[in-house]
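The primary structure of each chain is shown beneath.
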Amino acid sequence: MNKWEVFVMDMSELAEGEDIELSIRTLNPGLHKYTYKRVKCQVSAKPDAFPDSLQVRMGRGQLSASQYSIKVLAEVQRLPEKYR
Amino acid sequence: MSKISAPKSNREFIEACVKAGDAVRIKQEVDWENEAGAIVRRACELAAPAPFMEKIKDYPGFSYFGAPLSTYRRMAISLGMDPASSLPEIGKEYLKRTNSEPIAPVLIDKKDAPCKENILMGKDVDLCKLPVPLVHDGDGGRYVGTWHAVVTKHPVRGDVNWGMYRQMMFDSRTMSGAVFPFSDLGKALTEYYLPRGESCPFATAIGLSPLAAMAACAPSPIPEPELVGMLSGEPARLVKCETNDLEVPADAEIIIEGEICPDYKVEEGPFGEYTGYRTSPRDFRVTFRVNCITYRNNATMTISNMGVPQDEGQLLRSFSLGLELEKLLRSQGIPVTGVYMHPRSTHHMMIVGVKPAYAGIAQQIAQLAFGSKLGPWFHMVMVVDDQTDIFNWDEVYHAFCTRCHPANGIHIYKNTTGTPLYPYATPHERKYSIGSKVLFDCLWPVDWDKTNDVPTVVSFKNVYPKDIQEKVLSNWTAYGYPEVK
C-alpha cells in the first residue's frame, strides 16, 4: 500500500466516480518522500475503497480530517518534449 | 578602505559565530523532516544562537546551518565587525562600503573551486540526494532554496542577477518557485524568454558566504558579484558552471544548474513566509529543470525558516531596504536624518526621519519610495521629524499617535504593485500582485506658526532648564533611585 497526499483548495476537486488528474506527493518513507507525480486516478471518500491511501491538505497546508483512498491509473507526462 | 576581515565562506562564518557564542554545534542526529525546521524556528523566535546541525538523518556527510543572519550580532559578524555593534553602527558601515568603488569579481579555475568537489550529471542528478528539508509541517514541499541565490544573466543586456527566489523540490529533477512579475528575473522571463519559447539558464547557489547572501537579498542596483566585493573588501571568487555559461560563487556549498522553462509550470507552495503567515495560495509557478548538481565534501545546507519575527527574511530585508531607500532619498537631495524598518513590521513599514524643510516633503518621500524598485516590498511609509529617534519605537509610536492628522495626514494610494504575500490583500489582489499603499505623515504642517500653533513636547529633556536637568541627573541616586544605565 502506498501513501499519498494531495493539496486542494476545495474538496470538490476530489470528484468521485470518475477519472481525474491530480498532482500527488508520496508519503512513503525514504529519500523521495514528498516528491510529486502528476497522475490520472480515481479517488474515494471511503478510506478502504482503493488500496492506496490519500491524505488531504487544504490550500494553506491545513490537514483535512477526511481520509480518502486512491487508485492511480497512469502517470501523466506534462513536461514538454523539448525539456526532457 | 581599511582592511576588512569578514568571513569569506559559509564555513568561516560558522566558525566565527561559534567562537562568538552566536552558533551552537548540535551533535545528535536531526531529522530533515520537520525537526531541523522546528529547531531553526525556535532559535529565531528566541533570538538564540544559530543551530549548526552536524548529523542529518538519511544524509551522512551533510549538515545544516540555520538562521544564519537572524540577529544583528550575526550580521555584525558577517561584516567582520564587533558582534556588539549597534544597529546604527552596522548601518553606517553598510552605507560606507556600498558607497565605495565597485570591486569586480575574479574567475577562478574549476580545479580550485571547492563547489566542484562532487559533480552529479545525467542520470545521477537527483535533488533527493541533497538533504532538502521539510521546513514547516504543511508546506507544499521540501524547500531547496530558503537562503541562497538564484543566478541568472539577462540575455540581451548581460546583467547578472542573484536573487533569493524560494524554490520547492517538485520531483527529483524539478523545482518550482515564486518569481514575482516585478522582479528582475520575472521581467526577463516575461519580456524575453516567454515570447520566444526559450529556456533561461540558471544556477542556484546554496551555503553562500554571509555577504554573498546579503548581496542576493539586498535590493541594490549594484550587480551582486561587485556588491559582494564592496561589502567584503576583496573580489568575490566565481567559477564557471558545468552546463551553462553562468558564473557562481566558487566557495558555495552546493550549486544546482539547469534551465527555467518559461512555458511550463508546476505547482508551488504553500510555504510559511516572512510575513509570519502562509499567505500565497498554492499555484502554478515558475519551473526550474535541473541538469547538474555540484557540491563540496561535507556540504552544509543553509536554512532560513521564515515565520513570525524574527528571522533573516525580516531582519536583513528590513536592514537593506531601509538603507537603500535612504541612499535613494539622499540622492534626490531630501534632508533625511535616517530611514529604518523595524524587523517586527516584517518589512512592511518604512520609518523616515526628515527635516521638514518644505511643504509636501512627506508626500514626496512616499511617492519616491513607493515608485521605486523597492516599493513592492512594503506598503506603509511613516514620516517623522528630525527630532524623533527613528530607532526608538516609543518615540515613533508617540509621534504617530499624536501628530498624524486622521483626515489630513493619512494618504492612500490604490492599485499599486504588490506581492501575493501581503496577508491583508484580497485573493484577487494576491493573484495579480496588486497592492495598496499608505503614508502616515507625522510632521507638523509647515504653515503652522511655530510659536503658537505647534504643540510643545513635554518631556524631561525638552521642558526643563539645562541646570535643573543636570541637578536632577547628578542627584538621581541620592534621591533613592537606582542608577540608570
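Residues numbered from 1 in each chain as written. Chains lettered and ligands numbered in written order. Predicted model: local features only at pLDDT ≥ 70, side-chain atom pairs only at ≥ 80, totals over all residues.

Caption draft 1: Region of the structure containing the overall build of chain A. In terms of regular secondary structure, chain A is built from 0 helices and 5 strands. Ordered by position from the N terminus, the helices and strands of chain A form the series β-β-β-β-β. In terms of overall dimensions, chain A is globule-like: its C-alpha atoms have a radius of gyration of 13 Å, near the 12 Å expected for 84 residues. Summarising its shape, the C-alpha atoms of chain A cover approximately 40 × 30 × 25 Å along the three principal directions. Counting only residues that meet the buried cut, chain A has 19% of its 84 residues in that class. Relative to all contacts within chain A whose residues are 6 or more apart in sequence, the contacts with residues 24 or more apart total 46%. (Helix = DSSP H or I, 4+ residues; strand = E, 2+ residues; numbered from the N terminus. Rg over C-alpha atoms; globule rule 2.2 N^0.38 Å. Buried ≥ 20, exposed ≤ 12 C-beta atoms within 10 Å, placed from the backbone. Contact = placed C-beta atoms within 7 Å.)

Caption draft 2: Quick look at the confidence of the model for chain B. Model confidence for chain B is summarised by a mean pLDDT of 96, while 100% of its residues fall at 70 or above. Predicted complex metrics record ipTM = 0.97 and pTM = 0.94. (pLDDT = per-residue confidence, 0-100.)

Caption draft 3: Quick peek at helix H8 (residues 312–331) of chain B. All names here are of chain B. Compared with the 28 Å implied by 1.5 Å per residue over 20 residues, the 28 Å span of H8 between its first and last C-alpha is a close match. Of all 20 residues in H8, 16 are buried, a share of seventy percent or more. Positive backbone phi, at 75°, marks Gly333, one or two positions downstream of H8. (Expected span 1.5 Å × (residues − 1).)

Caption draft 4: Focus on the pairing of strand E18 (residues 349–354) of chain B. Residues and elements named next belong to chain B. The element E18 is largely enclosed, with a buried count of 6 among its 6 residues. Burial along E18 is two-sided: the residues Met349, Ile351 and Gly353 and Met350, Val352 and Val354 are all buried. Where strand E17 (residues 336–340) lies against E18, 4 bridges are found, and the strand directions are antiparallel. Looking at E18, one finds that Tyr340 is bridged to Ile351. The sheet contact formed by E18 and strand E19 (residues 380–385) spans 6 bridges and is parallel. Along E19, the bridge assignment pairs Val352 with Val383. (Pairing = 2+ DSSP bridges.)

Caption draft 5: The arrangement of the sheet that holds strand E2 (residues 20–26) of chain A in detail. Residue and element names in this part refer to chain A. Around the barrel, which closes on itself, the 5 strands sit in the order E1-E2-E3-E5-E4 with mixed pairing between neighbours. Within this sheet the neighbouring strands show an average axis-to-axis angle of 55°, counted without direction. Inspection of the sheet shows strand E4 (residues 52–57) paired to strand E5 (residues 63–75) by 5 bridges, in the antiparallel sense. Residue pairing for E5: Ser53 is matched across the bridge by Ser69. (Axes fitted to C-alpha atoms, helices over the stretch in contact; angles between N-to-C directions.)

Caption draft 6: Quick peek at the interface of chain A and chain B. In this assembly, 17 residues from chain A lie in contact with 21 residues from chain B. Per-class residue counts for the side of chain A that touches chain B are 9 nonpolar, 6 polar and 2 charged. (Nonpolar A, V, L, I, M, F, W, Y, C, P; charged D, E, K, R; others polar.)

Caption draft 7: Inspection of the packing of helix H6 (residues 210–217) of chain B against helix H7 (residues 224–232) of chain B at higher detail. All names here are of chain B. Between H6 and H7, whose axes approach to 9 Å, the crossing angle comes to 130°. When the axis of H6 is compared with that of H7, the two are oblique. The two elements H6 and H7 cross, and the hand of that crossing is right-handed. Along its contact with H6, which presents Leu211, Ala212, Met214, Ala215 and Ala216, the element H7 presents Glu224, Leu227, Val228, Leu231 and Ser232. Taken together, the residues of the contact of H6 with H7 sort by class into 8 nonpolar, 1 polar and 1 charged. (Parallel < 35°, antiparallel > 145°, perpendicular 65-115°, else oblique. Left-handed = near helix turned anticlockwise from the far one by under 90°.)

Caption draft 8: Quick peek at helix H1 (residues 10–20) of chain B. All names here are of chain B. Inspection of H1 places Asn10, Phe13, Ile14, Ala16 and Cys17 among the buried residues, and these make up the whole buried set. The buried residues of H1 all sit within an arc of 165° when viewed along its axis, so they share a single face. On its buried face, H1 is in contact with strand E1 (23–26), strand E2 (50–53), strand E3 (63–66), helix H3 (72–78), H6 and strand E16 (300–303). In the segment just after H1, Gly21 is the residue with positive phi, at about 80°. (Arc of directions from axis to C-beta.)

Caption draft 9: View of unusual backbone geometry. The linkage connecting Gly269 of chain B with the following residue, Pro270 of chain B, adopts the cis geometry, with an omega of 0°. Tracing the backbone shows Pro270 of chain B in the loop between strand E14 (254–268) and strand E15 (283–295). Of note, the bond from Pro309 of chain B into Gln310 of chain B is cis; its omega dihedral lies within 30 degrees of zero at 0°. Structurally, the position occupied by Gln310 of chain B is in the loop between E16 and H8. For Tyr34 of chain A, which is not a glycine, the phi torsion comes out positive at approximately 80°. Of note, Tyr34 of chain A is situated in the loop between E2 and strand E3 (36–44). Note on Tyr34 of chain A: 21 C-beta atoms within 10 Å, which makes it buried. At Asn298 of chain B, a residue that is not glycine, the phi angle is positive and equals roughly 50°. Relative to the helices and strands, Asn298 of chain B is located in the loop between E15 and E16. The exposure class of Asn298 of chain B is partly exposed, given the 13 C-beta atoms found within 10 Å.

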